[in-house]
Number of protein chains: 2
Amino acid sequence: MELLTDEFFMNEAMKMAKMAFEDDEIPVGAVVVCRNRIIAKAYNQTEKLTDATAHAEMLAITSAANALGSKYLNECKLYVTLEPCVMCAGASYWSQLGEIHYAASDPSRGFSRVAERLIHPKTKVKSGLMSDESKQLLDEFFKKLRK
Amino acid sequence: MELLTDEFFMNEAMKMAKMAFEDDEIPVGAVVVCRNRIIAKAYNQTEKLTDATAHAEMLAITSAANALGSKYLNECKLYVTLEPCVMCAGASYWSQLGEIHYAASDPSRGFSRVAERLIHPKTKVKSGLMSDESKQLLDEFFKKLRK
């Protein structure tokens, strides 16, 4: 089996973010990968579901747990286009995610501004991949919203 | 209409916690109240739903937003038998809950140990009501689990 790269998976998360954009949702997308295979994809649906908790990461984590039949995701990697908020960092803690890769930083609500220890000590965190593309899509969305 | 008390609502949350106990889930229960009426009830279902995010508060917040048709819960009060974790505090932030009443403190994973500012500045937080009953139920659960 071809070993897929972080770039490939983050690009899949970006595709999800673009779907959110098309649906007039804040454009954030996420995928969960287990053993080189995508087991869950989601994008932010807070408007559509009328649910402030329906962030891309929350939906992807729930969906991944369903797919695996396990509430623990130790062997999984989450790729998300924006730095997770405190809620999503908390969800990653409880699910013991193996790795989190996020694209753009979130200076206003990103978890790392609050406390690094929100993340499970076993979870590796990487950031910056496709950050510019993600920021650009978010900027475009908020520009459209203000019109 | 009779004005129901905080004690009444926390007791309803405790009933939910007891249902969790009966289902072999960590016994935490929550209700959401809007204008003196319970609009959502939930208990922890992380085992049953195989979903580490299925805390009582998350389920109650999502259910309350559904009931109201609004993702914001400014006029609502959450009664929960255990201090919310970081994830649930984050969810309360996004939903802009009017008030949070929690019974027992959670010295290991309670949000207040991490940072007070996880909670929305407009959300009032009260604690301690029925704390002993809640702790007792949790202790009993973990005693049963270790057997």
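In this text, all values refer to a predicted model and were calculated from it rather than measured experimentally.

1. Some points on the overall build of chain A
Next up, step 1: Scanning chain A from N- to C-terminus turns up 4 helices and 5 strands.
Next up, step 2: Moving toward the C terminus, one meets the helices and strands of chain A in the order α-β-β-α-β-α-β-β-α.
Next up, step 3: Relative to the 2.2 N^0.38 estimate, which gives 15 Å for 147 residues, the radius of gyration of chain A is 14 Å and therefore close to what a compact globule would have.
Next up, step 4: For chain A, the spread of C-alpha atoms along the principal axes amounts to about 45 × 35 × 30 Å.
Next up, step 5: By the burial criterion, 55% of the 147 residues in chain A qualify as buried.
Next up, step 6: Looking at chain A as shown, the accessible area adds up to about 7,000 Å², and 50% of this sits on carbon and sulfur atoms.
Next up, step 7: Side chains of chain A carry 19 positive and 20 negative charges; the gap between the two charge centres is 4 Å.

2. Considering a nonpolar patch on the surface
Residues and elements named next belong to chain A.
Next up, step 1: On the surface, a cluster of nonpolar side chains totalling about 250 Å² of accessible area is made up of Ile26, Phe142 and Leu145.
Next up, step 2: Topologically, Ile26 is positioned in the loop between helix H1 (6-22) and strand E1 (29-34).
Next up, step 3: Judged by relative accessible area, which is 35%, Ile26 ranks as partly exposed.

3. Notes on the interface of chain A and chain B
Next up, step 1: If you look at the interface, chain A gives 28 residues, while chain B gives 28 residues.
Next up, step 2: Surface buried jointly by chain A and chain B totals about 2,500 Å² across both partners, of which 64% is contributed by carbon and sulfur atoms.
Next up, step 3: Three residues, Lys71(A), Trp94(A) and Arg109(A), lead the burial of chain A against chain B; their summed loss comes to 26% of the area buried on that side.
Next up, step 4: Here Glu47(B) and Lys71(A) are joined by a salt bridge, their closest N and O atoms 2.8 Å apart.

4. Focus: the sheet that holds strand E2 (residues 37-43) of chain B
The strands making up a sheet associate through hydrogen bonds between their backbones, and the pairing can be parallel or antiparallel.
Residues and elements named next belong to chain B.
Next up, step 1: Spatially, E2-E1-E3-E4-E5 is the arrangement adopted by the 5 strands of the open sheet, whose pairing is mixed. Single-partner strands in this sheet number two, and they are E2 and strand E5 (124-127). Each adjacent strand pair in this sheet contributes to an overall mean axis angle of 15°, direction not counted.
Next up, step 2: The pairing of strand E1 (residues 29-34) with E2 spans 6 bridges and is classified as antiparallel.

5. Examining the UniProt feature "domain: CMP/dCMP-type deaminase" (unreviewed entry) in chain A
Next up, step 1: In the numbering used here, UniProt assigns the feature "domain: CMP/dCMP-type deaminase" (unreviewed entry) to residues 4-115 of chain A.
Next up, step 2: As annotated, residues 4-115 of chain A comprises 36% helix and 23% strand, and the C-alpha atoms at either end are separated by 32 Å.

6. Topic: helix H3 (residues 86-95) of chain B
Given 3.6 residues to a turn, an α-helix orients residues that are three or four positions apart in the same direction.
Next up, step 1: The buried fraction of H3(B) is high, at 9 of 10 residues.
Next up, step 2: Along H3(B), the residues that are buried comprise Val86(B), Met87(B), Cys88(B), Ala89(B), Gly90(B), Ala91(B), Ser92(B), Tyr93(B) and Ser95(B).
Next up, step 3: Where H3(B) is buried, its residues meet helix H2 (56-68) and helix H3 (86-95) of chain A together with helix H2 (56-68) and strand E4 (99-104) of chain B.
Next up, step 4: Phi turns positive, to about 50°, at Gln96(B), one or two residues after H3(B).

7. Quick word on the environment of Asn74(A)
Residues and elements named next belong to chain A.
Next up, step 1: You can see Asn74 is positioned in the loop between H2 and strand E3 (76-82).
Next up, step 2: Those residues in contact with Asn74, other than ones at most four positions away along the chain, are Ser95, Gln96, Leu97 and Gly98.
Next up, step 3: For Asn74, the side chain forms a polar contact with the side chain of Gln96, separated by 3.0 Å.

8. Here we look at the environment of Met130(A)
Next up, step 1: Topologically, Met130(A) is positioned in the loop between strand E5 (124-127) and helix H4 (131-146).
Next up, step 2: Setting aside residues no more than four positions away along its own chain, Met130(A) makes contact with Glu7(A), Met10(A), Asn11(A), Met14(A) and Ala103(A).

9. Focus on the relation of the copies chain A and chain B
Next up, step 1: When chain A is fitted to chain B, the residual RMSD is 0.0 Å, and the transformation amounts to a turn of 180° plus an axial shift of 0.0 Å. These values place the two chain copies in the arrangement generated by a two-fold rotation axis. Ranked by how close their C-alpha atoms come to the rotation axis, the residues of chain A are headed by Met87(A), at 1.9 Å.
Next up, step 2: An overlap of 100% is found between the interface residues of chain A and their copies at the interface of chain B, pointing to a shared contact surface.

10. Here's the deal with the sheet that holds strand E2 (residues 37-43) of chain A
Residue and element names in this part refer to chain A.
Next up, step 1: The sheet built from 5 strands is open, its strands ordered E2-E1-E3-E4-E5 with mixed pairing. Each edge of the sheet is formed by a strand with only one pairing partner; in this case those strands are E2 and E5. The sheet shows a mean angle of 15° between the axes of neighbouring strands, direction not considered.
Next up, step 2: In this fold H1 packs onto E1, E2, E3 and strand E4 (99-104), with an angle of close to 145° to the strand it touches most, E1.
Next up, step 3: Sheet contacts for H2: E1, E2 and E3; angle to E2, the most-contacted strand, approximately 145°.

Basis of the calculations
Residues numbered from 1 in each chain as written. Chains lettered and ligands numbered in written order. Predicted model: local features only at pLDDT ≥ 70, side-chain atom pairs only at ≥ 80, totals over all residues. Heavy atoms only, no water. Helix = DSSP H or I, 4+ residues; strand = E, 2+ residues; numbered from the N terminus. Rg over C-alpha atoms; globule rule 2.2 N^0.38 Å. Buried < 20%, exposed > 50% of the residue type's maximum accessible area, 1.4 Å probe, protein only. Areas by Shrake-Rupley, 256 points an atom, 1.4 Å probe, with all protein chains shown as cover. Lys, Arg positive; Asp, Glu negative; His and termini not counted. Charge placed at Lys NZ, Arg CZ, Asp CG, Glu CD. Patch = residues over 30% accessible without salt bridge, like charges linked within 9 Å, V, L, I, M, F, W, Y side chains within 5 Å. Salt bridge = Lys/Arg side-chain N within 4 Å of Asp/Glu carboxyl O. Contact = heavy atoms within 4.5 Å. Buried area = accessible area lost by both parts, 1.4 Å probe. Pairing = 2+ DSSP bridges. Axes fitted to C-alpha atoms, helices over the stretch in contact; angles between N-to-C directions. UniProt positions renumbered as here; feature names shortened; annotations may be inferred. Polar contact = N/O pair within 3.5 Å; in protein donor to acceptor, adjacent residues only side chain to side chain. Least-squares fit on C-alpha atoms with pLDDT ≥ 70 in both.

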